[in-house]
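# Residue-level structural notes
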Amino acid sequence: MSSKSQLTYGERAKQHPNGVARKLFEIAESKKTNVVVSADLTTSKELLGLADELGPYIAVLKTHIDILDDFQPSVLQELKALAIKHNFLIFEDRKFVDIGNTVQKQYHGGALQISSWADIVNCTMLPGEGIVQALTETAERDDFPYKGERGLLILATMTSKGSLATGEYTKVSVECARKYSRFVIGFVASRTLGDIETDVAALDNEDFVMFTTGVNMASKGDKLGQQYQTPRSAVESGADFIIAGRGIYAVPNPVETAKLYRDEGWNAYLSRVGK
Ligand code: 6AU
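Please read these numbers as outputs of a predicted model, since none were measured by experiment.

In the region of the ligand, 19 residues are neighbours, and D40, K62, T159, Y228 and R246 sit closest. A distance of 3.1 Å is found between an oxygen atom of the ligand and a side-chain nitrogen or oxygen belonging to K95. Here an oxygen atom of the ligand and a side-chain polar atom of N122 are 3.4 Å apart. Spatially, the ligand is embedded in the largest pocket. Among the residues forming the shell around the ligand, the class breakdown is six nonpolar, eight polar and five charged.

Here's what the structure looks like:
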């Protein structure tokens, strides 16, 4: 849990050194939502349709752009336009997991040009410190066009049954986040599966943003090992932003459902900050 989790999003926006984190908190404060929708849809039409419908109720749209069956670069411009229209950030859930030299090319350039449209990306710590060092170096290069407008999350624990992202792995995640905090804005983690919050709470002068996935109001899990908790329990465990996919997009009325997630996540946040 961040040592700043008792502060409001507005207060955290004012003092955060990273521009993306500031923007994230400002959006949450102004739209009164801490919902990240995981738009794991496989056609551009569905993805753009969901982004437009849910845009007013979310802080962040999370994509897996490589699962689109009909991917064309134009979808990225359209997504960007929707992000501006509805004031949300885009998080490409790429989970970089390779040596530094490779992830630099996967992040900045390549077929997907991820750095050009994703405000936030994530990586795993499996390769060790080099992956975070490499992505940070790219984001700080003099010729990087989006300097100060991009952030990285470290996948510190995982929601799937039997995950190996525990113990030493999680500890190194926290150490690396601290060392590269100019670019690392926080974690994807859930308290129920890790011990990260104790470590992160230890320092007063840092404000890592906690994204918790595996959030679903109607299910405890799926047949492939996914494990769920509710928006309220996620926020009570330290989530600043709750990531929900099927719980929102795979139901008969995604808009009404997104509003329910928004209300439960927001009320849990208000209780946490004592408002
Ligand atoms: O709500 P769901 O189960 O439909 O979708 C959860 C989303 C998926 C996963 O790829 C992702 O969250 N995810 C992650 C992320 C965000 O990095 C980590 C994790 O441990 N578990 C998980 O489900 O898009």
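In this section: the packing of helix α3 (residues 44-54) against helix α12 (residues 254-272). Two elements in contact, α3 and α12, have axes whose closest approach is 10 Å; the angle formed by their N-to-C orientations is 50°. Judged by the inter-axis angle, α3 sits oblique to α12. Here α3 and α12 pass one another in a crossing that is right-handed. For the pair α3 and α12, the contacting residues are L50, E53 and L54 in the first and P254, V255 and A258 in the second. Residue classes in the contact of α3 with α12 are distributed as five nonpolar, no polar and one charged.

The next point concerns the pattern of salt bridges. Taken as a whole, this structure holds 18 salt bridges when the rule is applied. The salt bridge involving D119 is made with K80; its shortest N-O contact spans 3.7 Å. Of this pair, D119 sits in the loop between α6 (114-117) and β4 (120-124) while K80 is found in helix α4 (residues 74-86), placing the two residues 39 residues apart along the sequence. Residue class for D119 comes out buried when judged on its relative accessible area of 6%.

The subject of this paragraph is the sheet that holds β4. Here we have eight strands rolled up into a closed barrel, ordered β1-β2-β3-β4-β5-β6-β7-β8, and parallel in their pairing. On average, each strand axis in the sheet is tilted by 25° relative to the strand beside it, whichever way the strands run. As judged from the four bridges shared by strand β5 (residues 151-155) and strand β6 (residues 184-188), these two strands associate in the parallel manner. Bridge pairing links L152 to V184 in β6. Each of β4, β5 and β6 touches helix α8 (residues 167-179); the most contacted strand, β5, lies at about 160° to it.

Per the UniProt record, "binding site: substrate" (unreviewed entry) is annotated on D40, K62, T159, Q226, G245 and R246. Lining the largest pocket, out of the annotated residues just given, are D40, K62, T159, Q226, G245 and R246. With respect to the helices, strands and loops of the structure, K62 is situated in strand β2 (residues 60-63). Using a relative accessible area of 3% as the deciding quantity, one classes K62 as buried. When neighbours within four sequence positions are excluded, K62 is seen to be in contact with V36, V37, S38, A39, D40, F91, D93 and I243. Looking at where T159 falls in the secondary structure, it is placed in the loop between β5 and α8.

One number sums up the size of the largest pocket: a volume of about 490 Å³. Together, 29 residues line the largest pocket, and D40, K95, T159, T213 and Q226 are the ones closest to its centre. When residues of the lining of the largest pocket are traced back to their parent elements, those giving at least two are β3 (89-96), β8 (241-244) and α11 (246-249). For the lining of the largest pocket, the residue count by class is eleven nonpolar, twelve polar and six charged. In this structure, the second largest pocket spans a volume of roughly 280 Å³. For the second largest pocket, the lining is made up of 16 residues, of which P17, S181, N205, E206 and D207 are closest to its centre. For the lining of the second largest pocket, the residue count by class is five nonpolar, six polar and five charged.

Parameters at a glance
Going along each chain's sequence as written, the residues are numbered from 1 onward. Reporting of local features is limited, given that this is a predicted model, to residues whose pLDDT is at least 70; pairs of side-chain atoms are given and counted only at 80 or more, and all residues count toward the totals for whole chains, interfaces and linings. Excluding hydrogens and water, the side-chain values take into account all heavy atoms of the structure. A single heavy atom is enough: if one lies within 4 Å of a molecule or strand, its residue is considered near that molecule or strand. Within 3.5 Å is the distance limit for a polar contact, defined as a pair of N or O atoms, with the added protein rule that one can donate a hydrogen and the other accept it, and that residues adjacent in sequence qualify only through two side-chain atoms. In this analysis, the protein atoms alone were mapped onto a 1 Å grid. Cavities are point sets where a 1.4 Å probe fits without being able to get out; pockets are open sets with protein on both sides within 12 Å along at least five of seven lines; lining residues have an atom within 4 Å of a point. A cavity or pocket is said to hold a molecule if more than half of that molecule's atoms lie within 2 Å of its grid points. Gly counts as polar in this scheme, as do all residues outside two lists: the nonpolar Ala, Val, Leu, Ile, Met, Phe, Trp, Tyr, Cys and Pro, and the charged Asp, Glu, Lys and Arg. To obtain each axis, a line is fitted to C-alpha atoms, and for helices this fit is confined to the stretch in contact; angles are then taken between N-to-C directions over 0 to 180 degrees. Helix numbering and strand numbering both begin at the N terminus, where a helix is a DSSP run of H or I of at least 4 residues and a strand a DSSP run of E of at least 2. What sets the label is the angle itself: under 35 degrees gives roughly parallel, over 145 gives roughly antiparallel, 65 to 115 gives roughly perpendicular, and the rest give oblique. Here a crossing is taken to be left-handed if its near helix is turned anticlockwise relative to the far helix by less than a right angle, and right-handed if that turn runs clockwise. It only takes one pair of heavy atoms within 4.5 Å for two residues to be counted as in contact. Between Lys or Arg on one side and Asp or Glu on the other, a salt bridge is scored when a side-chain nitrogen of the former is within 4 Å of a carboxyl oxygen of the latter. Buried, partly exposed and exposed residues are distinguished by accessible area as a fraction of the type maximum, computed with a 1.4 Å probe on protein chains only: under 20%, between the cut-offs, and over 50%, respectively. Strands were regarded as paired on the criterion that DSSP finds at least two bridges between them. UniProt positions are given in the numbering used here, feature names are shortened, and annotations may be inferred rather than shown by experiment. Grid points are joined across faces, edges and corners, and a volume is the space filled by probe spheres set on the points.

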